Amino acid sequence: MSAYGANGAGPDFPRSASFGGESSLIGRRQQLAEVKRTLRHSRLVTLTGVGGVGKTKLATGVADEVRRAFPDGVWLVELGALEDEGLLPQTVATGLGLRDQSARHPSDLLCDHLRDARSLIVLDNCEHILDGCAALTDRLLRRAPGLRVLATSRQPLGVYGESVLSVPALAVPEPRRALRPEAAAHYAAVRLFQRRAAQASPGFTLGPENLETVVRLCRRLDGIPLAIELAAAQLRTLTPQEILRRLDERLDVSPKRSTADPARHETLRASIDWSFDLCSPGEQRVWARASVFAGSCGLEAVEAVCSGDGIPEERIFDLVAGLVDKSVLIREEQGAQVRYRLLETIRQYGAERLAEAGEKTALQRRHRDWYHRLADRAEAEWLSPRQETWLARLQSEHANLRTALEFCLSEPGQAQAGLEIAASLWFHWLCSGFLSEGRHWLGRALALAPEDSVARGKALWVDGWLSVLRGDTSSALPQLEECRALALRLGDEATLVHAEQFLGGCLLYDGDFRQAIDLLEKAVAGHRAAGDRNGLMTSLYQLTVACALSGDLRAADFGQDCLDLCNEAHAPWSRSYALWALGLHLLRRGEPRHAAELLRDALNTRRVVGDGWGIALCLEALAWAAASADEAERGARLLGAADVVWRSIGISRSGFRYLADGHEKTEIRLRGELGERRYAAAVRRGARLGRDGAAEWALYGSPAPWPPREAVAGW
């Protein structure tokens, strides 16, 4: 029994699967059943085995089959591309759909989220960050009694209570055993080869003319699924006999060779060597160069990074197509976009080849430069109709952005570029819910590049801004004061304007509205004079909120200016914040019906882009509007829904003093109108809606009429 005190036999896992099945998990029925049995009684199960043996596929197959036993979710967290162990909690939180926007440690957010949940987390490819995986898994299992973890790794995590299952290779026929084709196909290794061969060479069948050759191939490859798939892919250009002959030249075929894991590792290495040799010189170079990408990448990125030095950019497409045909590159469709990735074992092999060729650092720098340019382009086009497109694109490139930043901050002399990239990605950290991670990269870069520069000034105000948005103004103030002093030393007006803007933002979030307004008015003027539309939009938004909360009637004009700027730019995400600020002003003016219209419009955009922070703000303000409009039941449900969203992003509303007064007055009013029992019941109903359900209900739940009554007293 596990060390975490599980009672009874655990979840009753279903025996049948509606996902994947035999077509995707050839020959794994026995292992599937064994893993499911073990997972019933152990809260941590680790699947071990050599690279390419099928650990990931087995783990995801198990997760599909047990999905119904975990009502709070089954989550796959891919760790192969993660290089910085310090980002492990953030990576797991992102895999669970959480947005880490608080000042707390991400592992605390995870523990709170999972505390009462019945969930399964699959941690895939743990071996390169084993200590971090062990520590985080141990902590989560201790804090969340309903949690189970299924890990894949080349070695155990070493956590007390861990059950370790070794994933075997696929079954192959015994030597010198005569078989008919239909009998041979009962062996999983032969069946896998047959299916992949038919995909590579339509019309391929297993028959007397090729049976012995295919069986020998599967034996030579020790039943390792990845090796078999690579070999079968060669049927596009070779016969089974030619494949076997070439393998014989590469592999040690001594009958005395052990079938232990080290030997199987050598077999896989030799088969990948052989697949590499069968590639054209151009394909070999692209394979090696593509290893600098983390996760997946688009063709445009491959063309930019992998071309040059004898490979023209226009040849990259054909070379990529050749690698896809050979099952080296995996082609994936994500919406309307096609992306490519290397399996982790294949990527590691390519990285070794790249290092042997002496090209590793040059390709890492080229990769970094590409993502540096991408970040700069995204920032330049942020206030535009492409906001949602850029958000989605940078989210899909998140692993590559991490890799580019890691190169900058680990390679001597590159920290300045890391500073620039991390600062240019401010809207990615903000909108995608990566506030903690953004501060992680900015903190490392600022420590490594202490010299005065405009880039350092920008990094300081971005870091301060992210701290403010996490409710951590005490950390933000020193950064912003340093930024202002640096701007004065450099005589850089743009940096000074940003420093004063976000110092004003600190004062706004702490509830000092009058001083905030003074600084934000200066920032608006400075950004307008410099033609900085991003700065102008954000400062107008903050100024509108400050004026609305202080009763300054200029909020209407500032808010309209902000909305006009966003409408002219056709920038939907920014427009939603302008709408929220104007809605706040209308609430203070006693116009809850009009305010609710603007707030629902804002909520719709934030729901589409998955902006947890923005959704929470909208639900909170809609609750205030409902209270002002005498919709007490609706208001209480919205408060309950807002509270769930605040907690899902790891934020306590108490950290934002500018929200405290409105929330407190709304809660007092609703408790008085409904009574304690009805109020508590309505809040619970709202909480049960969850983030997405609450947004849908607030938008489309057939709300009752909104009579124009007075605002909440004192509002």
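Caption draft 1: Spatial organisation of the packing of aromatic side chains. Enumeration over the complete set of coordinates arrives at 17 aromatic pairs. When the ring of Trp426 is compared with that of Trp465, the centres are 5.3 Å apart and the planes differ by 35 degrees; the resulting orientation is tilted. Residue Trp426 is found in helix α20 (residues 426-431), and its partner Trp465 is found in helix α22 (residues 454-469); the two are separated by 39 residues along the sequence. Like Trp465, Trp426 is buried. Cluster of aromatic residues (ring-pair linked, three or more members): Trp382, Trp426, Phe427, Trp461, Trp465, Phe502, Tyr541, Trp573 and Tyr577. We note Arg634 situated over the ring of Trp697; from NZ or CZ to the ring centre the distance is 4.8 Å. Between Arg637 and the ring centre of Trp697, over which it is positioned, the NZ or CZ distance is 4.4 Å.

Caption draft 2: Expanded view of the pairing of strand β8 (residues 337-342). Of the pairings in the sheet, the one linking strand β6 (residues 296-298) to β8 comprises 3 bridges and is antiparallel in character. Considered in β8, the bridge of Gly298 is made with Arg339. Examined bridge by bridge, strand β7 (residues 329-334) and β8 share 6 bridges and lie antiparallel to one another. Considered in β8, the bridge of Ile330 is made with Arg341. Here β7 hands over to β8 after 2 residues, with Gly335 in that stretch at a positive phi of 65 degrees.

Caption draft 3: Quick peek at the pattern of salt bridges. Summed over all chains, the structure comprises 44 salt bridges. Notably, a salt bridge pairs Asp309 with Arg366, separated by 3.3 Å at the nearest N-O pair. Within this pair, whereas Asp309 is found in the loop between α13 (299-306) and α14 (316-325), its partner Arg366 is found in helix α16 (residues 360-380), the two being separated by 57 residues in sequence. Note on Asp309: relative accessible area 52%, which makes it exposed. Taking relative accessible area as the criterion, Arg366 reaches 21% and is therefore assigned partly exposed. Close ionic contact of Glu633 with Arg685 constitutes a salt bridge, the shortest N to O distance being 2.1 Å. Highlighted residues: Glu633 in helix α31 (residues 632-648) and Arg685 in helix α33 (residues 676-688), separated in sequence by 52 residues. Owing to a relative accessible area of 26%, Glu633 belongs among the partly exposed residues under this scheme. Among the charged side chains, a salt-bridge network with shared partners connects Asp112, Arg115, Asp116 and Arg143.

Caption draft 4: Spatial organisation of the sheet that holds β7. The sheet built from 3 strands is open, its strands ordered β6-β8-β7 with antiparallel pairing. Among the strands making up the open sheet, the edge pair consists of β6 and β7. Direction aside, the axes of adjacent strands within the sheet are offset by 40 degrees on average.

Caption draft 5: Here's a closer look at unusual backbone geometry. With a phi angle near 55 degrees, Asp222 is a residue other than glycine that sits in the positive phi range. Tracing the sequence through the fold places Asp222 in the loop between α8 (211-220) and α9 (225-233). Positive phi is not limited to glycine here, since Ser327 has a value of about 60 degrees.

Caption draft 6: Quick look at a negative patch on the surface. There is a patch of like negative charges on the surface, built from Asp557, Asp561, Asp564 and Glu568. Take Asp557: it is sitting in helix α27 (residues 555-569).

Caption draft 7: Just the packing of helix α28 (residues 572-588) against helix α29 (residues 592-609), in detail. Put simply, α28 and α29 touch, their axes get as near as 8 Å, and they point 155 degrees apart. Judged by the angle between their axes, α28 and α29 are roughly antiparallel. As for the relative orientation of α28 and α29, their crossing is left-handed in sense. Contacts from Pro572, Trp573, Arg575, Ser576, Tyr577, Leu579, Trp580, Leu582, Gly583, Leu586 and Leu587 of α28 reach α29 at Pro592, His594, Ala595, Leu598, Leu599, Asp601, Ala602, Thr605, Arg606 and Val609.

Caption draft 8: Broad picture of the sheet that holds strand β5 (residues 163-166). Sheet architecture is open: 5 strands sit in the order β2-β3-β4-β1-β5, paired in parallel fashion. The open sheet has two edge strands with one neighbour each: β2 (74-78) and β5. Looking at each pair of strands side by side, their axes are set apart by 15 degrees on average, direction ignored. In this sheet, β5 lies alongside strand β1 (residues 44-48) in parallel orientation, the contact comprising 4 bridges. Opposite Leu47, over in β5, you have Leu165 as the bridge partner.

Caption draft 9: Broad picture of the side chain of Glu397. Structurally, Glu397 can be placed in the loop between α17 (387-396) and α18 (398-410). For Glu397, a relative accessible area of 2% gives the class buried. Dropping the residues within four chain positions of it, Glu397 is found in contact with Ser296, Gly298, Arg339, Tyr371 and Leu374.

Caption draft 10: Layout of the pairing of strand β4 (residues 147-153). For β4, the tally of buried residues reaches 7 of 7 residues, placing the bulk of the element in the interior. Residues Leu147, Val149, Ala151 and Ser153 of β4 are buried on one face, and the alternating residues Arg148, Leu150 and Thr152, pointing to the opposite face, are buried as well. As paired strands, strand β3 (residues 119-124) and β4 are joined by 5 bridges and run parallel to one another. Pairing of Ile121 across the sheet is with Val149, part of β4. Handedness of the β-α-β unit built from β3, helix α5 (residues 130-143) and β4 comes out right-handed.

The rules behind the values
- Residues numbered from 1 in each chain as written.
- Predicted model: local features only at pLDDT ≥ 70, side-chain atom pairs only at ≥ 80, totals over all residues.
- Heavy atoms only, no water.
- Phe/Tyr/Trp six-rings, centres within 6.5 Å; stacked < 30°, edge-to-face > 60°.
- Helix = DSSP H or I, 4+ residues; strand = E, 2+ residues; numbered from the N terminus.
- Buried < 20%, exposed > 50% of the residue type's maximum accessible area, 1.4 Å probe, protein only.
- Lys NZ or Arg CZ within 6 Å of the ring centre and 35° of its normal.
- Pairing = 2+ DSSP bridges.
- Salt bridge = Lys/Arg side-chain N within 4 Å of Asp/Glu carboxyl O.
- Axes fitted to C-alpha atoms, helices over the stretch in contact; angles between N-to-C directions.
- Patch = residues over 30% accessible without salt bridge, like charges linked within 9 Å, V, L, I, M, F, W, Y side chains within 5 Å.
- Areas by Shrake-Rupley, 256 points an atom, 1.4 Å probe, with all protein chains shown as cover.
- Lys, Arg positive; Asp, Glu negative; His and termini not counted.
- Charge placed at Lys NZ, Arg CZ, Asp CG, Glu CD.
- Parallel < 35°, antiparallel > 145°, perpendicular 65-115°, else oblique.
- Left-handed = near helix turned anticlockwise from the far one by under 90°.
- Contact = heavy atoms within 4.5 Å.
- Right-handed = clockwise from strand over helix to strand, strands pointing away.

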